Amino acid sequence: MSLLQKIPATIVTGFLGAGKTTLIRKLIENAGKRRIALVINEFGDVGVDGEILKSCGVESCRAEDIVELANGCLCCTVADDFLPAIEALLKRADRLDHIVIETSGLALPKPLLKAFDWPQVRARLTVDGVIAVIDGAAVAEGRFVDDAEKLANERAADPSVDHDNPLEEVYEDQLLCADLVVLNKTDLMSGEEVARVTAEIAEATGGRVKVIATRDGVIDANIALGLEAGAEDDIVSRPSHHDLEEAHDHDDFDSFVLDIPPLDDPTDFVTLLGEVAGRHDVLRMKGFLDITGKPMRLLVQGVGARFRQQYDRAWAREEARRGRLVVIGRKGLDRAAIEAALV
């Protein structure tokens, strides 16, 4: 790559638990010898996504190629967090072939995209594309869309009731900013559901965006990292629910971290996690658990009441064995009840 060429950057967006980190890991594993730097942003104080990517074991993706921003959402902290991170990457002596930016699950991609129009960024980078990763099973279950009949009845009974759905707004903003939609977790969907959700996405995006159905985040790296969209030149065609807002926050959501004591057997505990998440309408749980007698830490991730777990790596010799879970949900999440059930 010539020094005069701009470095392509890919923004990977998608709701909590859609599979963004898994998709990025697969891209890294299949990107050949491309030197890829990662900027990872999480909503919550447990850096799970960065840890997963640091353990990917791919020679072309080193620990120093990963920048973690774990203090909220990039859409709210572009000037304070994103720009310094990008400037630090661009000052490196070795040349990067690509930068991949993973937003938090609650982030709006458009404010981040606008940052690429800043002169100091535009001169060096171009947005190769915005990829929206969609949890197909969650969409099929109606997690992001209100029941139309129920809403009509509520409006008829009390017109003053606030019917805004922050989950739906974030989901739609992520879709409408995308150059490519990855319909993930299709192994949890029927063929009819895949067809229906694909049609719904096409309708929501005006047919402007290609939809690729996949499972486990598997997508051809040459496609995902070769969209050549130049998205910073196409901002106006990407509408957002928040275009008229001077600032954006995440007051509709709560997040907290639980310290989990060592466990003798994780099976019953992971089952309990699913029950508690379902009972309290938790959107996302993820973190690491310490299992007595096991040299490896247990990675646990949940979307709603759906959970998966795996031993991801050995505890380091100098590392404190410590179980921690981040819990994310709608405003009013009952922390005391959740903590009482799990700790």
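Up top is the structure these notes are about.
Residues numbered from 1 in each chain as written. Predicted model: local features only at pLDDT ≥ 70, side-chain atom pairs only at ≥ 80, totals over all residues. Heavy atoms only, no water.

### Examining the side chain of asparagine 184
Its place among the elements puts asparagine 184 in strand β6 (residues 180-184). Within the structure, asparagine 184 has its side chain in polar contact with the backbone nitrogen of aspartate 216 (distance 3.4 Å). Ignoring sequence-local partners within four residues, the contact set of asparagine 184 consists of Ala18, Gly19, Val133, Ile134, Asp135, Gly136, Ala137, Met189, Thr214, Arg215, Asp216 and Gly217. (Helix = DSSP H or I, 4+ residues; strand = E, 2+ residues; numbered from the N terminus. Polar contact = N/O pair within 3.5 Å; in protein donor to acceptor, adjacent residues only side chain to side chain. Contact = heavy atoms within 4.5 Å.)

### Thoughts on the packing of helix α11 (residues 266-279) against helix α12 (residues 335-342)
Running from amino to carboxyl end, α11 crosses α12 at an angle of 160 degrees, the nearest separation of the two axes being 10 Å. Classified by the interaxial angle, the pair formed by α11 and α12 is roughly antiparallel. In the packing of α11 onto α12, the handedness of the crossing is right-handed. Only Ile338, Ala341 and Leu342 of α12 make contact with α11, whose side of the interface consists of Phe269, Leu272, Leu273, Val276 and Arg279. Of the residues that constitute the contact of α11 with α12, the class distribution is seven nonpolar, no polar and one charged. (Axes fitted to C-alpha atoms, helices over the stretch in contact; angles between N-to-C directions. Parallel < 35°, antiparallel > 145°, perpendicular 65-115°, else oblique. Left-handed = near helix turned anticlockwise from the far one by under 90°. Nonpolar A, V, L, I, M, F, W, Y, C, P; charged D, E, K, R; others polar.)

### Thoughts on the sheet that holds strand β7 (residues 210-213)
With respect to topology, seven strands assemble into an open sheet ordered β3-β2-β4-β1-β5-β6-β7, the strand pairing being parallel. If you trace the sheet from one side to the other, it starts and ends with β3 (66-69) and β7, each paired once. Ignoring which end each strand starts from, the neighbouring axes of this sheet average 20 degrees apart. Here strand β2 (residues 36-41) pairs with β3 via four bridges, running parallel. Its bridge partner lying in β3, valine 39 is registered against valine 67. Helix-sheet contacts for helix α1 (residues 20-29) involve β1 (7-13), β2, β4 (98-102), β5 (125-135) and β6, and the interaxial angle to β4 is about 165 degrees. (Pairing = 2+ DSSP bridges.)

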